[in-house]
Amino acid sequence: MTNPLTKPVRRSKKRGCSVALLLTAAAVVLASFNPVQSVAGEQRGAKPTIVLVHGSWADASSWNRVTQRLQDDGYTVRAIPNNLRSVAGDAASVRAFLQTVTGPVVLVGHSYGGFVITNAATGLPNVKALVYVNAFAPDTGETPFQLVGPDSALASDPATIFDLVPPTLPPSPTTDVYLKRSTVFDSFATGLSADDKDLVFATQRPGALGALNEPSATPAWKTIPSWSAIGTKDQIIPASAQRTMSKRAGATITEYDAGHLGLMSDPKVVTRVIEQAARS
């Protein structure tokens, strides 16, 4: 009788073939894996960080309706403060922030924020696109007051548009400039409800008068692709002025039926333009 403890073990040929195939497949996968290529592929597929820069008489909350949509679509968003004190100083502050962001950036500016991003991004390799939303896109030597043109509501008598703090005349470059309630309701915040206009007026951040008269340095749009959302009902930076600046910058232009605060009244359109730039 054969002893079951000493009986030869017969291996299944079928099982042996399966193990061999698995080992072969694993070898092929390991041989073809390149960690450098894998990381590069992940970076190519990663979404850029969207950095939003607000304009004068506003703060980062003016981007809230756009920010929420971008976040819902999977983007990392940073709506950062704009100090509104001087073009050079404000641009330096934004530039310092951009240098801390890892990976590609889409830099977005509204109104005076366009002036700031134009100066902040020059020469920064991580900024892949600029987006102007009802914004200035200045060339070297141009100032905000110069670019609004004669058709802007801001081109009227300053005493009827602004409140100065302190009210001492003549004002200095550091004088804070507020919008009068009538300016907010009649031209700055058109397209918003009366309640929202009241909120804009109540929470506005003043800009320094000197910032509105300070010339731009070398513009980033000369080397960085740009997009522009132009509000056709904008009474602060008229659509004609926005078109001139956007065409000069070679921007991809979208026009939409909005006033100066289109980022609040028409956030879907603004979000779509930003995401077009991000996908580029």
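Residues numbered from 1 in each chain as written. Predicted model: local features only at pLDDT ≥ 70, side-chain atom pairs only at ≥ 80, totals over all residues. Heavy atoms only, no water.

Quick look at the overall build of the chain now. Along the chain, the regular secondary structure elements total twelve helices and nine strands. Taken across its 280 residues, the chain has 47% of its residues classed as buried. A separation of at least 24 residues holds for 71% of the contacts in the chain among residues at least 6 apart in sequence. Roughly 14,200 Å² of accessible area belongs to the chain as shown, and the carbon and sulfur atoms make up 57% of that amount. (Helix = DSSP H or I, 4+ residues; strand = E, 2+ residues; numbered from the N terminus. Buried < 20%, exposed > 50% of the residue type's maximum accessible area, 1.4 Å probe, protein only. Contact = heavy atoms within 4.5 Å. Areas by Shrake-Rupley, 256 points an atom, 1.4 Å probe, with all protein chains shown as cover.)

Time to look at the pattern of salt bridges. All chains considered together, the criterion is met by nine salt bridges. Measuring nitrogen to oxygen at the nearest pair gives 3.8 Å for the salt bridge that ties K222 to D139. Taken together, the residues span a long stretch of sequence, with K222 in the loop between strand 7 (207-208) and strand 8 (226-231) and D139 in the loop between strand 4 (127-135) and helix 6 (144-148) at a distance of 83 residues. Note on K222: relative accessible area 52%, which makes it exposed. (Salt bridge = Lys/Arg side-chain N within 4 Å of Asp/Glu carboxyl O.)

A few words now on the sheet that holds strand 7. Strand order across the open sheet formed by three strands is 5-6-7, with antiparallel pairing between neighbours. The two strands at the open ends of the sheet, each matched to only one other strand, are strand 5 (162-165) and strand 7. Judged from the four bridges that link them, strand 5 and strand 6 (residues 176-179) form a sheet pairing that is antiparallel. Counterpart to L164 in the pairing with strand 6 is V177. (Pairing = 2+ DSSP bridges.)

Our focus in this paragraph is the nonpolar core. Counting 75 residues, the largest nonpolar core has I50, L107, V108, V127, L130, V131 and I274 as the members making the most contacts within it. In terms of residue count, the dominant contributor to this core is strand 4 (seven residues). (Core = buried A, V, L, I, M, F, W, Y, C linked by side-chain atoms within 4.5 Å.)

In total, this model carries five aromatic pairs according to the counting rule given. Judged by centre distance (5.9 Å) and plane angle (90°), the rings of W57 and F188 are edge-to-face. Taken together, the residues span a long stretch of sequence, with W57 in the loop between strand 1 (49-53) and helix 3 (64-72) and F188 in helix 8 (residues 181-188) at a distance of 131 residues. Across this residue pair, the class does not change: W57 and F188 are buried. On the numbers, 5.8 Å between centres and 75° between planes, the contact of F115 with F136 is edge-to-face. You can see F115 sitting in helix 5 (residues 112-120) and its partner F136 sitting in the loop between strand 4 and helix 6, a full 21 residues away along the chain. Note on accessibility: F115 and F136 belong to one class, buried. (Phe/Tyr/Trp six-rings, centres within 6.5 Å; stacked < 30°, edge-to-face > 60°.)

Where helix 4 (residues 87-98) meets helix 5, the axes come as close as 8 Å, and the angle between the chain directions of the two elements is 65°. Comparing their axes, helix 5 and helix 4 come out roughly perpendicular. Helix 5 is crossed by helix 4, and the crossing has right-handed handedness. Contact residues: V87, D90, A91, V94 and R95 in helix 4; Y112, F115, V116, N119 and A120 in helix 5. Residues of the contact of helix 4 with helix 5, tallied by class, amount to seven nonpolar, one polar and two charged. (Axes fitted to C-alpha atoms, helices over the stretch in contact; angles between N-to-C directions. Parallel < 35°, antiparallel > 145°, perpendicular 65-115°, else oblique. Left-handed = near helix turned anticlockwise from the far one by under 90°. Nonpolar A, V, L, I, M, F, W, Y, C, P; charged D, E, K, R; others polar.)

Of all nine residues in helix 5, nine are buried; the element is thus mostly enclosed. Along helix 5, the positions that sit buried rather than exposed are Y112, G113, G114, F115, V116, I117, T118, N119 and A120. Tucked into the core, helix 5 has its buried residues touching strand 1, helix 4, strand 3 (105-111), strand 4 and helix 6.

On a regular strand, one side chain projects to one face of the sheet and the next to the other, so that they alternate. Extensive coverage of strand 1 is indicated by the burial of five of its five residues. Of the two faces of strand 1, both are covered, the one formed by T49, V51 and V53 as well as the one formed by I50 and L52. Of the pairings in the sheet, the one linking strand 1 to strand 3 comprises five bridges and is parallel in character. Opposite V53, over in strand 3, you have G109 as the bridge partner. Of the strand pairs in this sheet, strand 1 and strand 2 (residues 77-80) are connected by four bridges, and their pairing is parallel. Opposite V51, over in strand 2, you have R78 as the bridge partner. As for the winding sense of the linkage, the β-α-β connection from strand 1 through helix 3 to strand 2 is right-handed. (Right-handed = clockwise from strand over helix to strand, strands pointing away.)

The next point concerns the environment of T140. With respect to the secondary-structure elements, T140 resides in the loop between strand 4 and helix 6. Along the primary structure T140 and T118 are separated by 22 residues, whereas in three dimensions their C-alpha atoms are 10.0 Å apart. Here T140 is in contact with S216, A217, T218 and P219, once residues within four sequence places are set aside.

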